[in-house]
Structure formats: structure tokens, C-alpha cells
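# Summary of structural features
Residue-level listing of the chains:
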Amino acid sequence: MKLNAKNIFLYFLNPLVIIELTGNLHFEGVMLFFFIFGLYFFFQNKWLFSAILIGLSISTKLLPFIVIAFFLPNIRF
């Protein structure tokens, strides 16, 4: 996406994020890892790896199942 990679450290070094992802023992960190890694493979057109990782993300927590609708094209039923 041609964004500056150094900006990611501003987020991950935030103490509130560290406490939320590790201190409270919630699974949002695991879910975000699988979902972002799956989106990376999705944008690289590696559909099988993307489907597996996004599926693992959904099986960890159901929030990506709700968000994935924004990444799908407009489908008419």
C-alpha cells in the first residue's frame, strides 16, 4: 500500500496496546495477526494462504467475519 513502514512502531510501542494485548490475555492480538497476515496474502494474490489465515482469524474471534464484508466487491443477490 506504499505506506511508511516506520509508522507501525508508533502503534506497537504504545503502552496501552502492549497492556491490552498481553496483560489482559485477550485473543485480539492473535486475531489481528492472522487477519493482517491474511490481508497481506490477499493483496499479493495468494488466495489459498489468505483464505487459511483469515479463516484462522475468524475461528479465533468472530470480529473479522463482520469486517470482511468491506473487502468484498458489491455483489447483487
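Refer to the structure presented above.
The notes below deal with the structure included here. Every chain's residues receive numbers from 1 upward, in the order its sequence appears when written. Totals for whole chains, interfaces and linings use all residues, but because this is a predicted model, local features are given only for residues with pLDDT of at least 70 and pairs of side-chain atoms are given and counted only at 80 or more. The basis for every side-chain value is the complete set of heavy atoms in the structure, and neither hydrogens nor water enter the calculation.

## Let's talk about the overall build of the protein chain
The helix count covers DSSP runs of H or I at least four residues long, the strand count covers runs of E at least two residues long, and both are numbered beginning at the N terminus. In terms of helices and strands, the protein chain carries 5 helices and 0 strands. Secondary structure elements of the protein chain occur, N-terminal to C-terminal, as α-α-α-α-α. On the principal axes, the C-alpha backbone points of the protein chain span a range of 45 × 30 × 20 Å. In this description, contact between two residues means that some pair of their heavy atoms is separated by no more than 4.5 Å. When contacts within the protein chain are restricted to residue pairs at least 6 apart in sequence, those whose partners lie at least 24 apart make up 38%.

## Focus on the side chain of S50
Within the secondary structure, S50 sits in helix 4 (residues 47-60). Per-residue accessibility, obtained with a 1.4 Å probe over protein chains only, is compared with the maximum for each type, and a residue is labelled buried under 20%, exposed over 50%, and partly exposed between these values. You can call S50 buried: its relative accessible area is 4%. Setting aside residues no more than four positions away along its own chain, S50 makes contact with G38, F41 and F42.

## Quick look at helix 3 (residues 28-43)
Between the first and last residue of a helix there are one fewer steps than residues, each counted as 1.5 Å, and that sum is the expected span. Between its terminal C-alpha atoms helix 3 stretches 22 Å, which fits the 22 Å expected from 16 residues at 1.5 Å a residue. Of all the residues in helix 3, the buried ones are M31, F34, F35, G38, L39 and F41. Down the axis of helix 3, the buried side of the element spans an arc of 160°, and every buried residue falls inside it. Exposed and facing more than 90 degrees away from the buried side of helix 3 are F33 and I36. One or two residues past the end of helix 3 sits N45, with phi positive at roughly 60°. The directions considered for the arc run from the helix axis to the C-beta atoms.

## Digging into the side chain of S57
Within the fold, S57 resides in helix 4. Within the structure, the side chain of S57 is placed 3.2 Å from the backbone oxygen of M31, a separation counted as a polar contact. Those residues in contact with S57, other than ones at most four positions away along the chain, are M31, F34, F35 and P64. Counting of polar contacts relies on pairs of N or O atoms within 3.5 Å, with two restrictions inside protein: one atom must be capable of donating a hydrogen and the other of accepting it, and residues adjacent in sequence are counted only when both atoms are side-chain atoms.

## Points about a nonpolar patch on the surface
A cluster of nonpolar residues, I8, F9, Y11, F12, L13, L32 and I36, forms a patch on the protein surface that exposes about 720 Å² of accessible area. Elements with a minimum of two residues in the nonpolar patch: helix 1 (8-12) and helix 3. Sort the elements by how many residues they give to the nonpolar patch and helix 1 lands first, with 4 residues. Examined against the element boundaries, F12 turns out to sit in helix 1. Under the relative-accessibility criterion, F12 is labelled partly exposed at 44%. Exposure above 30% relative accessible area and no salt bridge define the residues that can form patches, which grow by joining like charges within 9 Å and nonpolar side chains of Val, Leu, Ile, Met, Phe, Trp and Tyr within 5 Å. Only the protein chains shown count as cover for residues, and all accessible areas are computed by the Shrake-Rupley method using a 1.4 Å probe. Salt bridges are counted wherever a side-chain nitrogen of Lys or Arg sits within 4 Å of a carboxyl oxygen of Asp or Glu.

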